[in-house]
Amino acid sequence: MALEDAFMQLARVSGKPSVVICDRGTVDSKAYIADDAWNLLLNKTGWSIVGLRDKQYDAVLHLISAALGAESFYQTVNNPTRTESLSGAKELDLRILNAWIGHPRLYIIDNSTDFKGKMDRVMEVLCRQLGIMSSGTVRKFLLRDPKDFYNIPVQYEEFDVEQTFLRQSSPGTTGTSQEAGYVFIQKRGQHGVSTYRYSTKLLFPDSQEKAVIERQITGVEYLTLLKQADPTRHVVKKKVRCFLWNHRYYELSSFASAAGAAGTTAGTTAGAGGAQHSNGEQLVVLYTDGPSSEVPSMPPFLSVTKEVTADRRYSSYTLAHKHGTRDSEL
């Protein structure tokens, strides 16, 4: 961590736009020791899993071992530090991946293409993190049964999330004539520790492509920015569970509240009891990452009904709209 912090400081004082890429992350260590030893380490140092996993890194790219999906390329002769057998490498890869469950920007790069294709996907993710448009997108799927949220049979991490939209120079703009979108801040908490992000979502009308530019902020910055909350939007509150299924990362959101909005938005209601379907049931949405051309396999324990990625009625921005105020078309 000291080495990472030193490079981050060098980047700050350089006066130039910089990206710091680490070959390994601190949380990787969790995969190599017993849980009791890991917990002892956290207690002894005063660190928290949220601090190590979520605050230290803006994004995590997990490149799946060749032992999973490209077995013919897995070998130890060209790397003296690689001692695991094929089965051992598979087990270790999964343990490392499980250690990162819960990070808000965890990307899994599998072996579905050749190595060049794998590196191209890495570059695409990096471009997305920097706000450069790419073909990747966050896919959204609606669940029929809200009780699915509480019946996930695999390892997961749960968070409380609050999303606050900020006032803009004019409705539906981010301050430039070329781009439309909105700005929001997010508080994401687990085990009494919170992380904070500032995000700008840009929509390019001509191409219908979107870009998200985001950065971590401090708690003090978050509290200051709350004073700029958009009076036409409610705070969106939700519980989020992150989990893995078949080497794919999912985020399941149960919209606990849109802070008292009373309006109805095309099949959903953001009421005092929370965001709901028109039939009164709690709104639960599944998120996963992937190109729009791909048909992702859905976890069999979730009652997925339809994809709503392109349906703006299911965006947090729309759900937060206060009834009786003018809404934009975003």
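Computed from a prediction, not measured in an experiment: that's the story for all the values here.

Trainee: I tried to follow the overall build of the protein chain on my own but got confused; where do I start?
Mentor: Secondary structure assignment for the protein chain yields seven helices and 14 strands. Taking the contacts inside the protein chain whose residues are at least 6 apart along the sequence as the reference set, 65% of them involve residues at least 24 apart. Roughly 17500 Å² of accessible area belongs to the protein chain as shown, and the carbon and sulfur atoms make up 54% of that amount.

Trainee: What am I meant to see in the nonpolar core here?
Mentor: Within soluble globular proteins, side chains that are nonpolar tend to cluster in buried spots. Counting 24 residues, the largest nonpolar core has Val27, Trp100, Leu106, Ile108, Cys242, Leu244 and Tyr249 as the members making the most contacts within it. At the level of secondary structure, the elements contributing two or more residues to this core comprise α2 (35-45), α3 (49-55), α4 (86-99), β2 (106-109), β4 (156-165) and β8 (236-245). No other element matches the four residues that α4 contributes to this core. Once you skip the residues sitting within four places of it in the chain, Cys242 turns out to touch Ile101, Gly102, Gln155, Tyr156, Glu157, Phe159, Arg188, Tyr249, Tyr250 and Glu251. In terms of nonpolar packing, the next biggest core, distinct from the first, is built from 14 residues, Tyr182, Leu283, Val285 and Ala320 among them.

Trainee: Honestly, the pairing of β2 in this entry has me stumped. Any pointers?
Mentor: Within a regular beta strand, the side chains point alternately toward one face of the sheet and then the other, so they alternate between its two faces. The side-chain alternation of β2 yields two buried faces, one formed by Leu106 and Ile108 and the other by Tyr107 and Ile109. Alignment of strand β1 (residues 60-63) against β2, held across four bridges, turns out to be parallel. Bridging across to β2, His62 finds its partner in Ile108. Taking the sense of rotation as the criterion, the β-α-β connection linking β1, α4 and β2 turns out right-handed.

Trainee: Would you mind going over helix α5 (residues 115-129) with me for this structure?
Mentor: Residues that lie three or four places apart on an α-helix share one face, since the helix turns once every 3.6 residues. Over its 15 residues, α5 extends 21 Å from the first C-alpha to the last, a length consistent with the 21 Å expected when each residue adds 1.5 Å. All of the buried residues along α5 are Gly117, Lys118, Val122, Val125, Arg128 and Gln129. Along α5, the residues classed as buried sweep out an arc of 150° about the axis, all on the same side.

About the criteria used
- Residues numbered from 1 in each chain as written.
- Predicted model: local features only at pLDDT ≥ 70, side-chain atom pairs only at ≥ 80, totals over all residues.
- Heavy atoms only, no water.
- Helix = DSSP H or I, 4+ residues; strand = E, 2+ residues; numbered from the N terminus.
- Contact = heavy atoms within 4.5 Å.
- Areas by Shrake-Rupley, 256 points an atom, 1.4 Å probe, with all protein chains shown as cover.
- Core = buried A, V, L, I, M, F, W, Y, C linked by side-chain atoms within 4.5 Å.
- Buried < 20%, exposed > 50% of the residue type's maximum accessible area, 1.4 Å probe, protein only.
- Pairing = 2+ DSSP bridges.
- Right-handed = clockwise from strand over helix to strand, strands pointing away.
- Expected span 1.5 Å × (residues − 1).
- Arc of directions from axis to C-beta.

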